[in-house]
Amino acid sequence: MERVENKRKVYNFRKLIVNIAGDIIKIVLGIILFILSIASIVYTCKLCDTDTLWEFTFYNKDNIFKYVIIIIGMIVMYKICIVLKRNNKIIKYKSQYGKKIDIYKLLICMHCILGIVWVVCTQLTPRADQGFCSAIAANLFSATYDKADFLKGGYLNQYPFQSGIILVFKIIYSLFGINNYMAFQILNVVSVVLIDIYLMKVLKKITPVHAEKIGILFLILFFPMVFYTSFLYGNLMGCAFSTMAMYYEFEYFENHKVCNMILSILFIGIALMIKSNYLIVLLAMLIFFGIITLKKKNIIFAVIVIGSYIIATSGPVKLLSIQENVDLGKGVPKIAWIAMGMQETGMAPGWYNGYNADTYLNNDCDSEKTADEARGYIRERITYFAENPIYTIKFYTKKMLSQWCEPTFGGIWINQFEKNVAISRYMDSILNGGKLQKIVIEVLDVLQSFVYWLAFLYVITNRKRKNIFIWFPGTVFIGGFLFHMIWEGKGQYAFTYFLLLIPYAATEAKMIVDYLTNKADEKYGK
């Protein structure tokens with residue numbers, strides 16, 4: 001009897017922890033989304049100036065009346081649909097063979113085709129970090145490579161965590177030919193398709209509402225996904241694998257099958273190897289393990305997940321060190337990025353300005369001395385922020401706006417550099433400030449605001465739901481938002497977290513449509 005009572009107490013304690021954790025997630029997510037919802041209809045940021053190769057952010061006041069016009073237009077369309085429905089004029093489209101068209105699969109295929117067309121038409125070549133990583137991978141095939149990038153002050157000596165993406169480049173080049181950028185970009189297109197599929201699978205896990213078609217439509221309209229297919233970096237690949245890891249963790253929570261545990265660990269490990277930023281997804285996975293259950297099996301799972309992180313992040317570094325017979329060392333300490341995230345730059349507050357690399361080189365490539373200097377700077381900056389609260393609010397407001405209210409998330413800017421092909425006038429119009437670019441930005445600006453507002457409404461309308469699993473993507477979003485308010489800011493980091501809001505936004509949109517449809521059915525009959 002005492003044993004039963006103890007079990008009951010443990011169960012109640014776990015239930016209390018889960019409820020408290022769920023309430024905290026909902027409150028924090030709701031506050032962030034409300035702030036972004038307001039900010040997105042007040043400001044629209046824009047990245048400009050490719051002459052200096054830096055991302056200069058301009059803060060423009062948005063035209064709130066366009067949202068009023070759009071909402072009025074949607075109401076008019078709804079009224080038209082009601083009239084058509086009342087007069088039995090709505091037709092369900094079928095193919096010539098009499099079968100219903102699978103809109104869901106059709107939209108995914110469309111997204112894939114858009115990605116391929118974009119890659120073929122842009123043929124972007126890598127630059128900056130992507131260029132360094134690609135060049136190092138290509139040089140690994142050369143017998144005369146001097147390994148300068150591995151030596152003191154070299155690129156990999158500064159950033160050993162890039163070993164993972166360099167190995168990805170090396171694998172691709174060994175399979176498809178050295179400097180075959182197109183192969184990497186096609187894999188980015190495959191990543192887009194995987195994100196489409198698995199993000200909609202996640203959507204099905206968080207809601208019984210069939211909102212996949214709306215979700216895929218949002219993903220297609222979110223053009224940065226296509227823009228980034230030409231970007232030779234780990235953003236899309238890492239996002240695809242981390243989304244798959246999230247889905248299989250959902251599966252494991254439901255059926256506790258070991259195969260789902262293994263797949264989840266495998267995919268998050270690959271995501272981390274490609275891009276270490278997906279540590280945020282890993283932390284969310286571990287948080288959910290911790291707050292949901294303390295069973296022995298799941299503790300083992302957590303230990304294995306942590307082990308996969310160590311292997312995925314340290315393994316490539318060790319592998320390259322052994323292959324090239326060099327010691328890469330610790331590189332620039334992570335705290336230097338936090339210090340940089342607190343600085344003014346000519347682009348936007350907290351964006352990259354070279355502080356981390358400069359400080360490391362100025363300290364003779366000594367990681368400990370660099371960390372000490374960064375800590376000292378952070379203390380000074382915190383003191384200054386505390387003494388100047390108005391400045392602090394403006395600083396972090398502009399940092400937030402530059403990342404989360406720039407509707408292309410840097411997607412157009414990263415495509416404005418050297419290419420292997422002469423682009424068409426239509427592509428030129430999109431990339432270099434023509435009419436098509438203005439249209440694209442307006443569409444994305446509206447979509448961005450709608451996603452923020454719909455996701456916020458989802459939090460409000462589902463605040464009483466006790467199923468904490470539905471807040472798993474939201475927890476990752478919170479982590480990404482807060483992390484890049486502290487860390488280096490950049491739109492290309494933010495956009496993969498923005499994607500996690502689409503399941504919520506699509507679900508809320510479908511609920512609104514269903515509500516209005518049911519009201520119309522009640523009034524006019526089916």
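Caption draft 1: Focus on the packing of aromatic side chains. In the structure shown here, the tally under the stated rule is 42 aromatic pairs. Aromatic side chains Phe 169 and Phe 184 sit 4.7 Å apart centroid to centroid with 25° between the ring planes, which places their arrangement in the stacked category. Of this pair, Phe 169 sits in helix α6 (residues 163-176) while Phe 184 sits in helix α7 (residues 181-206), and the two are 15 residues apart along the sequence. The same class applies to Phe 169 as to Phe 184, namely buried. An angle of 75° between the planes, with centres 5.0 Å apart, marks the rings of Tyr 247 and Tyr 248 as edge-to-face. Residue Tyr 247 is classed as buried on the basis of its relative accessible area of 11%. Take Tyr 248: its relative accessible area is 14%, and that puts it in the buried class. Members of the aromatic cluster, each reached through a chain of ring pairs, are Phe 222, Tyr 228, Phe 231, Tyr 233, Phe 409, Tyr 452, Phe 495 and Phe 498.

Caption draft 2: Molecular detail of the environment of Ile 291. Position of Ile 291 relative to the elements: it lies in helix α12 (residues 279-292). For the pair Ile 291 and Ile 20, spaced 271 residues apart in sequence, the C-alpha separation works out to 9.5 Å. Ignoring any residue separated from it by four or fewer positions in sequence, one finds Ile 291 in contact with Arg 14, Ile 17, Val 18, Ala 21 and Ile 468.

Caption draft 3: The environment of Tyr 360, seen in detail. When you line up the elements, Tyr 360 lands in helix α15 (residues 355-362). Given a relative accessible area of 2%, Tyr 360 falls into the buried group. As a C-alpha pair, Tyr 360 and Gln 158 span 202 residues in sequence and 7.6 Å in three-dimensional space. Beyond its immediate sequence surroundings of up to four residues, Tyr 360 is in contact with Asn 157, Gln 158, Gly 331, Val 332, Cys 365, Asp 366, Ser 367 and Thr 370.

Caption draft 4: Layout of the packing of helix α10 (residues 235-255) against helix α11 (residues 258-274). Close contact between α10 and α11 brings their axes to 8 Å; oriented N to C, the two are set at 160°. Regarding the angle of α10 to α11, the classification is roughly antiparallel. In this structure, α10 crosses over α11, and the sense of that crossing is left-handed. Facing Met 237, Gly 238, Phe 241, Ser 242, Met 244, Ala 245, Tyr 248, Glu 249, Glu 251, Tyr 252 and Asn 255 of α10, the residues of α11 in contact are Asn 260, Met 261, Leu 263, Ser 264, Phe 267, Ile 268, Ile 270, Ala 271 and Ile 274. A class-by-class count of the residues in the contact of α10 with α11 yields 13 nonpolar, 5 polar and 2 charged.

Caption draft 5: Inspection of the pattern of salt bridges at higher detail. Taken as a whole, this structure holds 7 salt bridges when the rule is applied. Ionic pairing is found between Glu 251 and Lys 205, a salt bridge with its closest N-O pair at 2.2 Å. Of this pair, Glu 251 sits in helix α10 while Lys 205 sits in helix α7, and the two are 46 residues apart along the sequence. Residue Glu 251 shares its accessibility class with Lys 205, and that shared class is buried. Here the salt bridges do not stand alone but share partners, grouping Lys 205, Glu 251 and Glu 254 into one network.

Caption draft 6: Spotlight on the nonpolar core. Within the largest apolar cluster, 110 residues are counted, with the highest numbers of intra-cluster contacts made by Leu 33, Phe 218, Phe 222, Trp 404, Val 476, Phe 477 and Leu 499. If we ignore the near neighbours within four places in the chain, the residues touching Val 476 are Met 246, Ile 280, Val 281, Ala 284, Tyr 497 and Leu 500. In terms of nonpolar packing, the next biggest core, distinct from the first, is built from 44 residues, Leu 140, Ile 166, Trp 337 and Cys 365 among them.

The rules behind the values
Residues numbered from 1 in each chain as written. Predicted model: local features only at pLDDT ≥ 70, side-chain atom pairs only at ≥ 80, totals over all residues. Heavy atoms only, no water. Phe/Tyr/Trp six-rings, centres within 6.5 Å; stacked < 30°, edge-to-face > 60°. Helix = DSSP H or I, 4+ residues; strand = E, 2+ residues; numbered from the N terminus. Buried < 20%, exposed > 50% of the residue type's maximum accessible area, 1.4 Å probe, protein only. Contact = heavy atoms within 4.5 Å. Axes fitted to C-alpha atoms, helices over the stretch in contact; angles between N-to-C directions. Parallel < 35°, antiparallel > 145°, perpendicular 65-115°, else oblique. Left-handed = near helix turned anticlockwise from the far one by under 90°. Nonpolar A, V, L, I, M, F, W, Y, C, P; charged D, E, K, R; others polar. Salt bridge = Lys/Arg side-chain N within 4 Å of Asp/Glu carboxyl O. Core = buried A, V, L, I, M, F, W, Y, C linked by side-chain atoms within 4.5 Å.

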